[in-house]
Structure formats: structure tokens, C-alpha cells
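# Fold and contact review
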Amino acid sequence: MALQKIEFKPGINKENTNYSNEGGFYSCDKVRFRSGYAEKIGGWINYSFDNTFAGTTFSLCNWSSLSGDDLIAFGTNQRYYIGYNSQYYPITPVATTVTTTSYTTTANSRKVTILFPAVSSISIGTWVTLTGPVAIGGTTVAAGDYEVVETNGLTTISISVPTAATGTTTIFSAQTAVFGIDASASELYPNVLGWGLAPWGGGPWGPLSVTSTFNLWSQGNFGQDLVMAVRNGPIYYWEKDTTTFAPAITVNAYANTQIKTTKTATFLGAVSLITVSDSFGINTGAVISGTNIQVGTLVTSAYVPGSTTVPISLPTTGASAGNYNFSYAGIFAPNQTSQILVSTVYQFVIAFGSNPYDPTNSSSTFNPLLVRWSDQSNPAEWVPETSNQSGEQSLGQGSYFVSAVSTRQEIIIWSNTALYAMQYVGAPFIFNFQLLMSNISIISPNAAITVNNVTYWMGVDKFYMYSGQVQTLPCTLRNYVFKNINSAQNIKVVVGTNPEYNEIWWFYPSTGSTNNDSYIIYNYLENIWYYGTLERSAWLSTPSKQNPVGVFSIQNSYLPTTMPAGGVILSNIDTSIEVVDAGAYPPSGIIIIDNEQISYLSIIGNTFTECVRGVNGTTPATHAAYAPVTYYVPNQLLLHEYGFDNASVSMVVPDPIYAYIETADFDIEDGQNFAFVYRMLPDITFQGSTAATPSVTLTVKPRTNSGTAYTTPVDSPIVENTVKAPIPPATYPIEQFTGQIYTRVRGRQMAFRIDSEQLGVTWQMGSMRFDMRTDGRRA
């Protein structure tokens, strides 16, 4: 017999049949290609084992302050956070502050219902900060932050407290309740108009892009500060504060606090007109501050530009003369946008989708195709004047903006039907806009990225690239990915880079999943594709982080009723556990209630099924109604390419990462003859592994032809001149010093597969050699 070296093309190709891809690889998971050879991807570790956050996020921003503080920012569907020193600090903008009226408890429940005067709409998942403590019904509502678990939307909310009440009672108590901005759902349902519902752009995207309350954030650092916006909501500004982590405020409110000009003014008491030394820099809507000027006084719309007589909104409290400060006109900053972007080169804050500037109307109608930008290096100035570079431009093709990303020389903008380039040209036009292509798509607001001045993105049915001209990016996994995606959740598709390995990663929700649970990778250096499964809702690679940052985040829930130690809730089936909302959980896994861990294999509606209680050494216990139900893996940021294992839950005892790669079928002489494999010489290196005896499993999988299974059994011993059958798959452990393997495998065509699931192991596959001979033509 003669040894044959089997070389395989790098990358995964599933565009054709398995057999037609002979000489290539057909499937994999958690495997990449480096220099043309397959290897296991790196591991990951939790950014903060002592902290977690609420809700699901789809984008991250990382920057350093002037003092060298490393900051990472992200908004979820519930709150907005700053990651600092391995902790998460909420800086969620405040929506409203009210005083509570009463608190009500129910015996054996952790739910506390709070009544207060009517305020603006409140949704489940919104967070509220309460003063206290309030002792009631055998439990205590301590001062702190709470998630709204039930609400009538206006005057009543319910929260979950750490200890169940012993009695049902109501007390009256006036406490301050500070509500963050309204939360949204963490997933979209097929019976609701939503992003990505087929057909894309035919209606579901359009209405939702303007009216949806799905909290999708965009953000960028402005120097050491942060500018962020929730889609179809206001723009917010956070001045760097790593001491109190004060909430972000609207850019409108921020502008009102920034002094634009100082004037000498004179006026009498109890008047609504003041006289200033000159009018330069004074705008309608500017806030005035100084002696005998009431707090909140504005320049009214009756002001005539250029006049030194200034009408004010509140009467003076006395006669005065002196210097007075005039702010920027915050009322004319955008009050709604689809997405913001901070131009890193020229320092503009740009709003894609905005209400236009109208000096007579600060609440002008939102234009979803209007690009509006602040003055250069000044996020407080949004009033266009000859003395600044603030401005706006409405684009013509499409109904609304979907996304925008920066390149080295321009900004690329997607409407729902067209692609534009936006370039800085200076005064008087400031920006120039060019239509690059019509009838083009992008699957989500976070699906595009620029690498080495080339922009790549995922459309609704193909991949694209732009490097001066728009091109379709050929993909050997296109059919597989776009038939495997849950289009109802398209808005969740995110992209990121792994520059050490020249990779672009897209994460997407597969069919049947409401969370991102799958990925596809494009290696732009080697021009190849590969794929796998991994639950990541966001991804970021930045020079200030040695490792790429991935995010695991889902929406957790609560028990609706008491759960006995040996029983179930709302069911007679011992393996079912119902929660308030199970929509965001992975299809299978482990949940935690108090200290008990419970495994489940499936979800039907809001019920976990095929459950096993008390797993991982925990004890089944009684759990009160409205006890939190969290997933085994907490919401967290993860540093990737760290070690070789999954340290998302424990760094001391991490979990192994399962990885595999399988070839397409190969044969001898196009399968005219059967092949008999007598021995194999593996070529696998384990360099860098920390395991004492690192190993993988090699399986050789024969079959008679493309239409038969790999596992065809042998019914009788092989006898010459009789009908022969393929010998079943042969599986062998491969260790560092495994030189050769003697085997007995027969088939017309065959594939081989490498599997690994061992702690502390990394591996790379080289060129495999097989000792094969022809073995007749009959099966």
C-alpha cells in the first residue's frame, strides 16, 4: 500500500453538495483557518465575575479618558451602562421623577405593588430608583434600583424584593421614585410589525423604523465624554464622571448648560425685555443666567436676530446691570434621531434622521431621511449660522435611514433602498453627498464595518463590500446562512472584527431562536469563509483592548407563582416550569432560581420543559412568587482569544469548548473503485496547550455513495468475491506523539472529522496521510 497526502482547500463551502466539494471542508464549529490550515479558536473569560447587567445590548463603544481611564459603554433594551474597572455602572437617562402614594404586598410573594400619581407611559423592564427603606408585610423595600415586573402603564408598578412578604397589606408612604427611560422588549414577534419581517422593506421595516420603541442604541465618544442615542429617540450626552456616574442628559439639556457668549446687559425689575451690548452669538431659545434672572429663562421666539433688545420668557426679579451668560439654543438640537455617529477625524456629531432646524418651531416634524450635524468640535451647537459649520441635508432615495459607518475618508450611509457617501468639504457646504448605488440592502443597523478602509456588510440575502465601488462579496456559505436565519429578528444581526486573525464576524439568530446564536466569519486576508454557533449579541475590537470583546446578554424573567420544593408551578407535569416571559432564553440550558440550578431541554411558550431540578450539586427548594429566574451564564462582557476554554462562569473551573471540522467526501478515481484504508498518519499539533495530555478525536467516515449514510453497518464478515459493504466509521484518539494509526475502513467515498472537547487544549491540523488501496468495484 502507498501513503497518500490529502490536502484540503481552506474555508468551508456549503454552496454545493458534499461530494461536489471534494478536496474541501464541509462543516465546522469554533474552528478557524490560519495560513490555510484549520485550528481551534481561542477561549474567552468574563470581564467581571462580580457584576452583571440587565437587558440585551447590540453595540459597544470603548475609549480612554484624558486621565487614562479605560471606559466601555453600551445600552441595553432596559438601561445604559459604563464599564469601568471590571464593574458596570448605570448612567441611564432619567425620564421622570414622582412621589409614591402607597405600597402593597401579597403573602408568600416577593412582588410589591407601588401606586403613584399618573406619569408618562411606563413599560415592563423599565428601572426605577426608590428612596426608603419602607417596611411592609414582613419584608422591606430598601432604597435602591428595581426592575418594573408589572405595570398598568400609568399609575401602578410592581417590583421584586429579595424577601417574600409574610402578609397581605397596604401602607401609605411618600418616597421619591426616579424612572429611567422606558424599556422595550428584547425580541420581536412574528405577529407584530418588526424589523426584517419578510418582505424586507415592504412595510415592516418602514413603519417600525419611525415608530418603534425597540431600544437599539448608537454611540460614540466625543473626547473623553460620550454621545449616545436610542433609535427613534433623543440624543444624550454624558460628561465623563467615574466618581458618581451621574445619568446622561439630553443633548438639548447639555447645550443649555454650555455658555456660548457673555454680554453686558441692563434692565429694570419685573420686565420681560433686556438690553445687551451687542447681539453676536445670541439665538432664540438660549438660556440666560445672571443676577436677577430667574432659573430657566430663555430668549423667546419674538427675538429679532441682530437686535440688542432681547425678549425673555420670565420677568426679571430686579433691576441690574452687568455681565450675563447666554447658552447655546438647546431647544433646536435634534429631539429625535435614527442613529448618531461621531466623526472621529473632524469631530462632528451627526444625526441620521432628525427634525429639521426651523427657527420658528423647535418641534418640527421628524424627517427620517434628513442628515443633520452639529458645529465642528461642538456638540452643543445645532443652529446653522455663517459663523459655524452646523447644517443639514435631506437625501432623496428611500424612506428612512438604516445605518451609517465611518471610513478613513468618508461616511457610508444606508437608507432602506440606497447607499450614499458623505464627505467633508469644508465651508460653505460642509459636507458633500453622493449616491453610490440604488436597490441595495443592509440587514440591520449594526451589520456593517470598515476594515483597512474597506467597508463590508451583510445584506438581506447576500454580502457586500465597498472600496471605492460597491461589489457583491462572493460567499461559500451564502445559501446556508440566509436559509438558516430567523428573519423576524434581523435587527439583532451584529458585526465585529478579530484583527489578529484577519477576520470579520457576523452574529445572527438562527431559525427558531430569538437571540444571536450563530456566526459566519469572513477571513479577508485569505478570502475564505467559515461558521459556527456562539451566543453573542454584540462584538467589539479596539486598540485599547488586547482581546476582542463579545457580549452575552438576554432578558431574564420571574416566577408568576410560588414554586414548591418538590413540585411545579401551574402544571401537573413534574418537568415543567413556567415563568412570566421565556421568550429570550436560549432553547436549552440551565436556569437559576435563588440558589437552585435547573436544567431544561426545550421551551414551549413561557414554560421550560424536560427540566431537572437541583443540578450541579444544588438543592431543590421552595421559591416565592416573583423570584428572579436568571440564566446560568450571566449577562456579561467577554474577553475573547483568552486561553483555550470557556471561562464565562468560572475562571477556576472553566468549561471546555467543543470544536470540530469535517471534510467533504473524497474518493479514488471518482469512486470507480472502493477504497480500503489500512493506516493513517495524522498531522496535528497541540502547541501551546496547557492540558497534560492534549488530544483530539479523528473519525474516518465511509459510505457507499452520496445517497447513503456514513454509518452503514457490516452484516457479515468480508469474503472475497462476495458483495461487500462499507466498514462503519472508525474513531481514534490523536495525541501529541501519535505517529500512525492502523485501521480498517472501506467505502466508495469517505470523509474525516476532527473533534475536541478537552480543557486546556488548542490544536492545528496539517496535512493528513492515508494508506489506501483500491478494493474492488462492487458494494
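Overview of the structure. Residue positions are counted from 1 within each chain, in the order its sequence is given. Only residues with pLDDT of at least 70 are given local features in this predicted model, and only at 80 or more are side-chain atom pairs given and counted; all residues enter the totals for whole chains, interfaces and linings. No hydrogens and no water enter the side-chain calculation; it runs on all heavy atoms of the structure.

## Some details on the overall build of the protein chain
Note the threshold: Counting from the N terminus, the helices are the DSSP runs of H or I reaching at least four residues and the strands are the DSSP runs of E reaching at least two. Using a 1.4 Å probe on the protein chains alone, a residue whose accessible area is under 20% of its type maximum counts as buried, one over 50% counts as exposed, and one in between counts as partly exposed. The contact criterion used throughout is that any non-hydrogen atoms of two residues lie within 4.5 Å. Working definition of accessibility: Shrake-Rupley area with a 1.4 Å probe, residue cover restricted to the visible protein chains. Charged residues are defined narrowly, with Lys and Arg counted positive, Asp and Glu counted negative, and His plus the chain ends left uncounted. Charge placement uses NZ in Lys and CZ in Arg. For Asp and Glu, CG and CD serve respectively.
Looking only at helices and strands, one finds three helices and 67 strands in the protein chain. With the principal axes as the frame, the protein chain shows a C-alpha extent of 115 × 70 × 45 Å. Looking at the protein chain residue by residue over its 779 residues, the buried ones come to 57%. A separation of at least 24 residues holds for 63% of the contacts in the protein chain among residues at least 6 apart in sequence. With an accessible surface of roughly 30,500 Å², the protein chain has 52% of that area assigned to carbon and sulfur atoms. Taking the average place of the 35 positive charges on the side chains of the protein chain and the average place of its 51 negative ones, the gap between the two points comes to 9 Å.

## Side note on the nonpolar core
When a protein is soluble and globular, its nonpolar side chains tend to lie buried together. Heads up, the condition is: Joining through side-chain atoms within 4.5 Å is the link that ties buried Ala, Val, Leu, Ile, Met, Phe, Trp, Tyr and Cys residues into a set, and such a set is a nonpolar core.
Grouped together as the largest cluster of nonpolar side chains are 109 residues, with contacts concentrated most on Tyr456, Met458, Trp506, Ile661, Phe752 and Trp763. The leading source of residues in this core is strand β43 (residues 503–508), at five residues.

## A look at the pattern of salt bridges
To be explicit about the condition: Any carboxyl oxygen of Asp or Glu that lies within 4 Å of a side-chain nitrogen of Lys or Arg is treated as forming a salt bridge with it.
Scanning all chains against the criterion turns up 21 salt bridges. The shortest N-O distance in the salt bridge between Arg746 and Asp775 comes to 2.5 Å. With Arg746 in strand β64 (residues 741–747) and Asp775 in the segment after β67 (768–774), this pair connects stretches of sequence that are 29 residues apart. Judged by its relative accessible area of 0%, Arg746 falls in the buried class.

## Some details on the sheet that holds strand β5 (residues 44–46)
Across a sheet, paired strands are connected by hydrogen bonds in the backbone, their directions being either parallel or antiparallel. Rules: In this scheme, strands are said to pair when DSSP sees at least two bridges between them.
If you trace the five strands from one edge of the open sheet to the other, you get β46-β47-β56-β5-β57, paired in mixed fashion. At either end of the open sheet lies a strand with only one pairing partner, and these are β46 (538–540) and β57 (646–647). Summarising the sheet, β46 and strand β47 (residues 549–552) pair through three bridges and their orientation is antiparallel. From the neighbouring strand, Leu540 faces β47, where its bridge partner is Val549.

## With respect to the side chain of Thr57
As a reminder, the rule being used: Polar contacts, as counted here, are pairs of nitrogen or oxygen atoms within 3.5 Å of one another; within protein the pair requires one atom able to donate a hydrogen and one able to accept it, and residues that are adjacent in sequence qualify only if both atoms are side-chain atoms.
Positionally, Thr57 belongs in the loop between β5 and β6 (61–64). Taking the relative accessible area as the measure of exposure, Thr57 reaches 0% and is therefore buried. A distance of 2.8 Å separates a polar side-chain atom of Thr57 from the backbone oxygen of Gly75. In contact with Thr57, other than residues within four places in its own chain, are Phe74, Gly75, Thr76, Ser537, Ala538, Val551 and Ser553.

## As for a nonpolar patch on the surface
Put simply, the test is: Two joining distances apply to patches: 9 Å for like charges and 5 Å for nonpolar side chains (Val, Leu, Ile, Met, Phe, Trp, Tyr), and every residue must have over 30% relative accessible area and no salt bridge.
Taken together, the side chains of Phe49, Tyr642 and Met651 define a hydrophobic patch exposed on the protein surface, amounting to about 310 Å² of accessible area. When you line up the elements, Tyr642 lands in the loop between β56 (636–640) and β57.

## Quick notes on the sheet that holds strand β20 (residues 176–180)
To keep things clear, this is the line we draw: With axes taken as lines fitted to C-alpha atoms, and helix axes fitted only over the stretch in contact, angles between N-to-C directions fall between 0 and 180 degrees.
In spatial order, the strands read β10-β20-β13-β16; together these four strands make up an open sheet with antiparallel pairing. A single partner strand is all that each edge strand has here, and the edge strands are β10 (94–99) and β16 (144–147). Recorded for the sheet is a direction-independent mean angle of 25° between the axes of neighbouring strands. Bridge count for strand β13 (residues 127–130) against β20 is three bridges, and the pairing is antiparallel. What sits directly across from Val128, in β20, is Phe179.

## Considerations on the pairing of β67
Bridge count for strand β1 (residues 2–6) against β67 is five bridges, and the pairing is antiparallel. Across the sheet, the residue bridging to Lys5 is Arg769, located in β67. Relative to β67, strand β60 (residues 675–681) is paired through six bridges, and the arrangement is antiparallel. Within β67, the position partnered with Phe676 by the bridge is Arg773.

## Some thoughts on the environment of Ser648
Locating Ser648 in the fold gives a position in the loop between β57 and β58 (659–663). With 538 residues separating them along the chain, Ser648 and Arg110 place their C-alpha atoms 29 Å apart. The contacts of Ser648, once residues within four sequence positions are left out, are Trp44, Asn46, Phe49, Val633, Gln636 and Leu638. Polar contacts involving the side chain of Ser648 include one to the side chain of Asn646, which spans 2.7 Å.

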